[in-house]
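If you want the building blocks of each chain, they are given just below.
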Amino acid sequence: MSTTGTPGPALSADGRSAGATSVGTLEPKEAGVRRLPGFDPSAPLLQVEDLRVRFPTGDGLVNAVRGVSYSLKSGEVLGIVGESGSGKSVTSLAIMGLLPSSAQVTGSIRYRGQELLGRKDHELSRVRGKGVSMIFQDPMTSLDPVYKVGFQIVETLRVHDRKLSRQAANARAVELLELVGIPNAAARVDSYPHEFSGGMRQRVVIAIAMANQPDVIIADEPTTALDVTVQAQILEVLDTALDETGAAMVLITHDLGVVAGMADRVLVMYAGRPVEIGSVDDIYYEPRMPYTLGLLGSLPRVDSEGRERLTPIIGSPPSMVNMPPGCPFGPRCPLHIPECDTEEPPLFQLGPDHNAACIRTDEVARAHGRAAEVFDETSADTLLAQDVYPVELEIAPETERDAVPAGEPAPDQADRPGGPTTSRGESA
Ligand SMILES: Nc1ncnc2c1ncn2[C@@H]1O[C@H](COP(=O)(O)OP(=O)(O)OP(=O)(O)O)[C@@H](O)[C@H]1O
Ligand code: SF4
Ligand SMILES: [Mg+2]
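Fair warning: this is a prediction, and the values are worked out from it, not measured in the lab. Note that residues are indexed from 1 along each chain, following the sequence as it is written. All chains are assigned letters beginning with A, and all ligands numbers beginning with 1, in the order in which they are written. Where local features are concerned, this predicted model is filtered to residues with pLDDT of at least 70; where side-chain atom pairs are given and counted, the filter is 80 or more; whole-chain, interface and lining totals use all residues.

Q: Which parts of the structure should I look at to understand the confidence of the model for the protein?
A: Confidence of the predictor at the level of single residues is given by pLDDT, which spans 0 to 100. For the protein, the mean per-residue pLDDT works out to 80, and 77% of the residues sit at or above 70. Low pLDDT, under 50, characterises residues 1-25; the predicted model gives this stretch 72 contacts beyond four residues in sequence or across chains. By the criterion used throughout, residues are in contact when their C-beta atoms, derived from the backbone, lie within 7 Å. Segment residues 385-391 is flagged for pLDDT under 50; beyond a separation of four residues in sequence, or across chains, it makes 6 contacts in the model.

Q: Looking at this model, I keep getting lost on the site of ligand 1. Mind explaining?
A: In the vicinity of ligand 1 there are 15 residues, among which Phe55, Ala64, Ser84, Ser89 and Val90 approach most closely. Looking at the shell around ligand 1, the elements that each hand over two or more residues are β1 (46-57), β2 (60-72) and α1 (88-96). Here the shell around ligand 1 gets 3 residues from one element, more than from any other, and that element is α1. The classification used treats Ala, Val, Leu, Ile, Met, Phe, Trp, Tyr, Cys and Pro as nonpolar, Asp, Glu, Lys and Arg as charged, and all other residues, Gly among them, as polar. In the shell around ligand 1, the residues fall into 6 nonpolar, 8 polar and 1 charged. Only the C-beta atom matters for nearness: placed from the backbone, it must lie within 6 Å of the molecule or strand for the residue to count as near. Runs of H or I in DSSP of at least four residues are treated as helices and runs of E of at least two as strands, each being numbered from the N terminus.

Q: Can you walk me through the sheet that holds β1 in this structure?
A: The pairing of strands in a sheet comes from backbone hydrogen bonds and takes either a parallel or an antiparallel form. Strand pairing requires that DSSP identify at least two bridges connecting the strands. Strand order in the open sheet made by the 4 strands is β2-β1-β4-β5, with antiparallel pairing throughout. At either margin of the open sheet sits one strand with a lone partner, and together these are β2 and β5 (114-115). One ladder, built from 10 bridges, connects β1 with β2; its direction is antiparallel. By the bridge assignment for β2, arginine 54 is matched with asparagine 63.

Q: Explain the site of ligand 2 here, please?
A: Lining the immediate surroundings of ligand 2 are 13 residues, of which Cys327, Cys333, Leu335, Cys340 and Cys358 lie closest. Of the residues that constitute the shell around ligand 2, the class distribution is 10 nonpolar, 2 polar and 1 charged.

Q: Would you explain helix α8 (residues 228-245) in this entry?
A: Structurally, the α-helix is built with 3.6 residues per turn, so residues lying three or four positions apart point the same way. Multiply 1.5 Å by the residue count of a helix minus one, and that product is the helix's expected span. An ideal rise of 1.5 Å per residue puts 26 Å on 18 residues; α8 measures up with 26 Å between its terminal C-alpha atoms. The burial criterion counts other C-beta atoms lying within 10 Å of a residue's C-beta, which is placed from the backbone; the residue is buried at 20 or more, exposed at 12 or fewer, and partly exposed between these limits. Taken residue by residue, α8 has Ile234, Val237, Leu238, Thr240, Ala241, Leu242 and Thr245 as its buried positions. Residues of α8 that are buried in the fold lie against β3 (77-81), α7 (198-210), β7 (216-220) and β8 (248-253). Downstream of α8 by a residue or two, glycine 246 has a phi angle that is positive, lying close to 75 degrees.

Q: Any chance you could explain the nonpolar core here in plain terms?
A: In this structure, Ile206, Ala207, Val216 and Val268 are the most contacted members of the largest nonpolar core, which totals 96 residues. Looking at this core, the element that brings in the most residues is α7, giving 8 residues. With residues up to four places along the chain from it excluded, the contact list for valine 216 reads Leu45, Leu46, Leu72, Gly131, Val132, Ala247, Ala248 and Val250. In this description, a nonpolar core means buried residues of the types Ala, Val, Leu, Ile, Met, Phe, Trp, Tyr and Cys, linked to one another by C-beta atoms lying within 7 Å.

Q: Any chance you could explain the packing of α7 against α8 here in plain terms?
A: The packing of two helices is summarised by the inter-axis angle and the distance between the axes. At a minimum axis distance of 10 Å, the contact between α7 and α8 shows a crossing angle of 15 degrees. By the angle between their directions, the pair α7 and α8 is classed as roughly parallel. Both α7 and α8 take part in a crossing whose hand is right-handed. Contacts between α7 and α8 involve Gly198, Gly199, Gln202, Arg203, Ile206 and Met210 on the former and, on the latter, Val230, Gln233, Ile234, Val237, Leu238, Ala241 and Thr245. Among the residues forming the contact of α7 with α8, the class breakdown is 7 nonpolar, 5 polar and 1 charged. All axes are obtained by fitting lines to C-alpha atoms, using only the stretch in contact for helices, and the reported angles, taken between N-to-C directions, cover 0 to 180 degrees. Every angle not falling under 35 degrees, over 145, or within 65 to 115 is termed oblique; those three ranges are roughly parallel, roughly antiparallel and roughly perpendicular. Crossings are assigned a handedness: left-handed for a near helix turned anticlockwise from the far helix by less than a right angle, right-handed for a clockwise turn.

Q: What exactly am I supposed to notice about the environment of proline 300 here?
A: Inspection of the secondary structure assignment puts proline 300 in the loop between α11 (290-297) and β11 (348-351). We classify proline 300 as exposed; it has 8 C-beta atoms within 10 Å. In the structure, proline 300 is positioned 11 residues away from threonine 311 in sequence and 9.8 Å away in space, judged by C-alpha atoms.

Q: Got a minute to help me understand the pairing of strand β10 (residues 273-279) in this structure?
A: The side chains of a regular strand alternate between the sheet's two faces. With 6 of 7 residues buried, β10 lies mostly within the body of the structure. In the sheet, strand β9 (residues 265-270) pairs with β10 via 6 bridges, with the strands oriented antiparallel. Paired with leucine 267 across the bridge in β10 is isoleucine 277. Counting the residues that bridge the hairpin from β9 to β10 gives 2 residues, and of these alanine 271 lies at a positive phi of roughly 50 degrees.

Q: Hey, could you run me through the pairing of strand β4 (residues 104-111) in this one?
A: Relative to β4, β1 is paired through 7 bridges, and the arrangement is antiparallel. Bridge assignment links arginine 54 to a residue of β4, and that residue is glutamine 104. Inspection of the sheet shows β4 paired to β5 by 2 bridges, in the antiparallel sense. Counted as the bridge partner of arginine 110 is glutamate 115 from β5. Between β4 and β5, which follow one another and run antiparallel, lie 2 residues, and arginine 112 among them has a positive phi close to 45 degrees.

Q: Quick question: what am I supposed to make of the sheet that holds β3 here?
A: Pairing is mixed across the open sheet formed by 8 strands, whose spatial order is β6-β7-β8-β3-β9-β10-β12-β11. A strand with exactly one partner marks an edge of an open sheet, and here the two such strands are β6 (132-135) and β11. When strand polarity is set aside, the average angle formed by the axes of neighbouring strands in this sheet is 20 degrees. Those strands touched by α7 are β6 and β7, and its axis lies near 175 degrees from that of β6. Most of the contacts of α11 go to β9, to which it runs at about 105 degrees, and overall it touches β3, β9 and β10.

Right, dumping it as structure tokens:
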């Protein structure tokens, strides 16, 4: 049963005022499974199976997503991590049916037992917002700059409940803004997006995402565009939103620190496919895929014993066009052996809920999550010791550096040997 569009005591019935993060309450979770007509409330919430997305381009077919499978239970938070270009957003946009028409999508996406793939846009619009809603990375891409924020929330509410009066929808918009911690919500409901700070805009986007009390919220890098202090507040708002709505969440980020505090399970993506999936403890303390270990090693850990070096993953992900056979992480992997180039490793089952795509999981297991045990040859310390880039870091003799004619700017970092350009001379 949905409370969407039901004015009255559902939100902020206790009359609490707006606070830093959250006030008000939604209808209690115990009210039961909110269902859409035609969908089976007893079926798994969201099941993605062997999802593949390809984009035809001038350079060939871009294999953006290459076999993503996961399922999401009610109330669960699944973190999806991976570096830029690994297919996180394309996977989510495919679930929402928001990919460009040129995209070739295969596999299966079932929401409450019903297949979404191949459905027409007007059919999917029944699911969007009320079944599955999405929070985008940049709030300005999802807020319309020419409409007041209150109007945008009201429209979201009325799309799914035509009978809801404008007055009732307005009242609910204020309550939603209070819920996400917008101070003086009754007045701010009439503001335009540009009158809000980035953090407040993201709160509005969260309010819109939860307006119709969806079963699933997909949050695509919801804090990446924000400064660290505001990030923490937004994560708190999201946490409260989940508590209040009972929704499950797919939390996408490239920051393992963000998912650590919120997720129940973590799926690590590399080159368009999952390479490891497990509980938060599996991923943080017993990762079995070198890439996951590398991600952990590039983050400072508060639970580390003594001084541990950060160990960056050197190199870049492969091109998604015409990928060579073998493990896509091979060129960057310190545990690479010739056998890794034979075929791409499948996801091996390592525990009841722990899978990793690597043929050397036993060796990775010995590191017990300490990346420096595996990645020490490419550590930041080695880089600083000039073992890797001795020539590029060479500094010109002082006499050459002094030879800048009076009135001309001194060359910056980019002018140094190995830098991207030599601006003096070229730009003159
Ligand atoms: N419309 C498109 N046409 C062609 N290629 C695309 C299109 N959309 C995405 N891609 C490609 O698909 C791949 C996956 O992109 P995606 O946006 O999912 O990455 P991501 O993991 O979300 O990265 P980020 O962390 O930077 O947001 C990238 O190589 C990207 O260039
Ligand atoms: S299969 Fe080989 S190259 Fe790939 S992650 Fe495992 S050890 Fe590294
Ligand atoms: Mg993305």
